[in-house]
Structure formats: C-alpha cells, structure tokens
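# Geometric and topological summary
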Amino acid sequence: ERIYLNDGWRFNNCFKEEMLNGLLKDYKEVRIPHSVIETPYNYFDESIYQMVSAYQFTLFADLSWSNKSLLLTFEGVGHQSEVYLNGKLLKTHNCGYTAFTVDLSNDLIIGKDNIILVKVDSNENLNLPPFGNVIDYMTYGGIYREVYLDIKEKAHIKDVFPKVSLKENVVILDCEVTFSINNNLKYRQELCDLNDNLIYRFDEMKLHHEIENVLLWDIDNPNLYNLKTILYDENKVYDIRVDRIGFRTVEFSKDGFYLNGKRVIIRGLNRHQAYPYVGY
C-alpha cells in the first residue's frame, strides 16, 4: 500500500532546535510540493531562498501497520535535509536532486500520532552539487516533490535494475533484483503491455531472459512495457513491483550517437525544473 502525504504539512522558515520536541509555533499550513519562498517575477538574487527551514507532519500509525516495513520516501528536497521522527534523527540526505527513503519501521509508535520533522537547508554549499563552480540558474529550496509512505511486508522487493542488450532479432534482458530478506521465498517475472496484457511469463527464479517479437523503443515509436516482479510462496504473495521499461541500446561512437544500432543526430537544450514565482 502506498499513501501519499502531500497535504497537512506545517512550515516555518526558521528552524530552531526546540522544534524537535513539539509542534511548530508560528507556522503556516502548506501542501507539498512546496517552495520555501515565493519569489518575485524578476529583480531578485539567490540569497532570497537561502535559509534553514522546518517542515512538520503528524502521522497516525494505524494498528494494521504492526510488523510491517514502513518506508517514507521524499522525491526531492533542496538541498540538505535531516529527517526526525518524534525528535530522533533518522536520516541525513545531502543532495537536492535525488530521492531518498527513510525506514520508519523500528521507530514509529503504532496506534499513536507521530511527529515527522524535516530540517531543510537551502543554502548554497560548495561541498554539494551543483555548487562549487559557476552555474547559470537558481537553486530553489523546499520539499518540492511528492512525499509518500509505502507499507510493505517484512519480506519485499527492494529494487529491480533491468539491463537491456540486443542480439540480432532477440532482446536480452538481465535483471538485478534485491530483496529485503533472503530466505526460501520464490520469485518470477512477467512482461506485460501498458494495458496489463501478458506478453511473456518468464521462468521461475530466473533473471536472464531472451525475448523475441517485442517492439523496440525509438524516437518515433517510444514503445514501453511493464515488467512485473512477484515475490511469493505457496501460501501468499508478499510483494509485486512494476517497472516501466523500454527495449533499446544507446552508444556514443567517434562518429556520433547510435540508437538501436542506427546513427541519429541529436539536438537538445537544458530544460530546468523552475517556474516563475513558485521556484521548483
């Protein structure tokens, strides 16, 4: 089960240590995604959003969450963040552009309200990318992407990393799969189209697949599929993970860029994720 936690956050643009021990004072209610400050349309500099602020959320831990893995994910917080649960530091993350997950399983108080506090430092820091050299864009701060809680069995799929290669008319799919618990559970994989119609059911307990008659991803026809990974035993399905994938190969050679073995001239631009007034 995935629960999105985007509503009901409290925000203060000045973090203080005493905030770790109770509810925020002098806060405003905000919704995620959120920027630490709304900027003017023009005539401002980078100092306007550089601050150390605090976000707080009250999470009631349902009794049904007992003996489950409880994983809280932040998809983007600019730029340094510390996540506290009921005053205890659980996670520090030092990048404004990558997602990170906090395991609440051992610290969440079941059947009670729990206080999540995120200390967000949006100051420029020469030890963090993209700072340390010249950049030509603003680096706004805040919890600017979604936040969600995954409630999983103790035995679950942690990650699936599919790797694709082509051999004549056959697609080679090799997967690296990691599980939270390595025991006697079984797993299998299925390939479906985006309407969930089964294309291939692969051999059980096998992560190397040779596939015929699938459509490659290319520029004019960006064909995509869903790769299902299923963790189970004779009595129960513990977890199902779905990864959207495409089959293609890319290569840079001395004479240019090749997509699926064909040379393609590529042109592009750097599209930043900022918007007027609201930042990221």
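Rules behind the numbers
- Residues numbered from 1 in each chain as written.
- Predicted model: local features only at pLDDT ≥ 70, side-chain atom pairs only at ≥ 80, totals over all residues.
- Heavy atoms only, no water.
- Buried < 20%, exposed > 50% of the residue type's maximum accessible area, 1.4 Å probe, protein only.
- Helix = DSSP H or I, 4+ residues; strand = E, 2+ residues; numbered from the N terminus.
- Pairing = 2+ DSSP bridges.
- Core = buried A, V, L, I, M, F, W, Y, C linked by side-chain atoms within 4.5 Å.
- Phe/Tyr/Trp six-rings, centres within 6.5 Å; stacked < 30°, edge-to-face > 60°.
- Lys NZ or Arg CZ within 6 Å of the ring centre and 35° of its normal.
- Salt bridge = Lys/Arg side-chain N within 4 Å of Asp/Glu carboxyl O.
- Axes fitted to C-alpha atoms, helices over the stretch in contact; angles between N-to-C directions.

Okay, the pairing of strand β12 (residues 147-152) next. Counted residue by residue, β12 has 5 buried out of 6 residues, so it is predominantly covered. Strand direction decides the pairing type here: strand β1 (residues 2-4) and β12, joined by 3 bridges, are antiparallel. What sits directly across from Y4, in β12, is Y148. Judged from the 6 bridges that link them, strand β5 (residues 69-74) and β12 form a sheet pairing that is antiparallel. In the strand pairing of β12, S69 is matched with K152.

Counting residues in each nonpolar core, the largest one holds 33 residues, and the members touching the most others are W9, Y55, F74 and I143. Of all the elements in the fold, those that place two or more residues in this core are β2 (9-12), β4 (52-60), β5, β7 (80-85), β9 (100-103), β10 (113-121) and β12. Ranked by size, the runner-up nonpolar core spans 20 residues in total, among them L173, Y187, Y225 and L231.

With that settled, consider the packing of aromatic side chains. Applying the stated criterion across every chain, the model contains 14 aromatic pairs. Centroid distance W9 to F74: 6.5 Å. Interplanar angle 65 degrees. Geometry classified as edge-to-face. You can see W9 sitting in strand β2 and its partner F74 sitting in strand β5, a full 65 residues away along the chain. Taken as a pair, W9 and F74 share a single burial class, namely buried. The interplanar angle of 10 degrees and the centroid separation of 6.0 Å between the aromatic rings of Y200 and F202 together place this pair among those described as stacked. What links up through ring pairs into an aromatic cluster is the set Y49, Y97, Y140, Y144 and Y280. Taking NZ or CZ as reference, R2 lies 3.9 Å from the ring centre of Y148, over its face.

Tallied over the full model, the rule gives 13 salt bridges. Linking E190 and R188 is a salt bridge whose minimum nitrogen-to-oxygen distance equals 3.4 Å. According to the relative accessible area criterion, E190 is buried, its value standing at 8%. Owing to a relative accessible area of 24%, R188 belongs among the partly exposed residues under this scheme. A salt bridge links R201 to E190, with the nearest nitrogen and oxygen atoms 3.3 Å apart. Of this pair, R201 sits in strand β16 (residues 198-201) while E190 sits in strand β15 (residues 186-192); the two residues are 11 residues apart in sequence, bridging distant segments of the chain.

What follows deals with the sheet that holds strand β17 (residues 208-212). One open sheet holds the 3 strands; their spatial order is β13-β14-β17, and the pairing between them is antiparallel. Of all the strands in the sheet, just β13 (157-167) and β17 have a single pairing partner and so form its edges. Ignoring which end each strand starts from, the neighbouring axes of this sheet average 25 degrees apart. Relative to β17, strand β14 (residues 170-179) runs antiparallel, the two being bridged by 5 bridges. Bridging from a neighbouring strand, V170 pairs with E212 of β17.

The 6 strands lie next to each other as β3-β2-β4-β10-β7-β8, forming an open sheet whose pairing is antiparallel. Only two strands of the sheet have a single partner each, and these edge strands are β3 (28-30) and β8 (88-93). Between one strand axis and the next, the sheet turns by 25 degrees as a mean value, whatever way the strands run. Pairing between β4 and β10: 9 bridges, direction antiparallel. When the bridges of β10 are listed, Y55 appears paired with V118.

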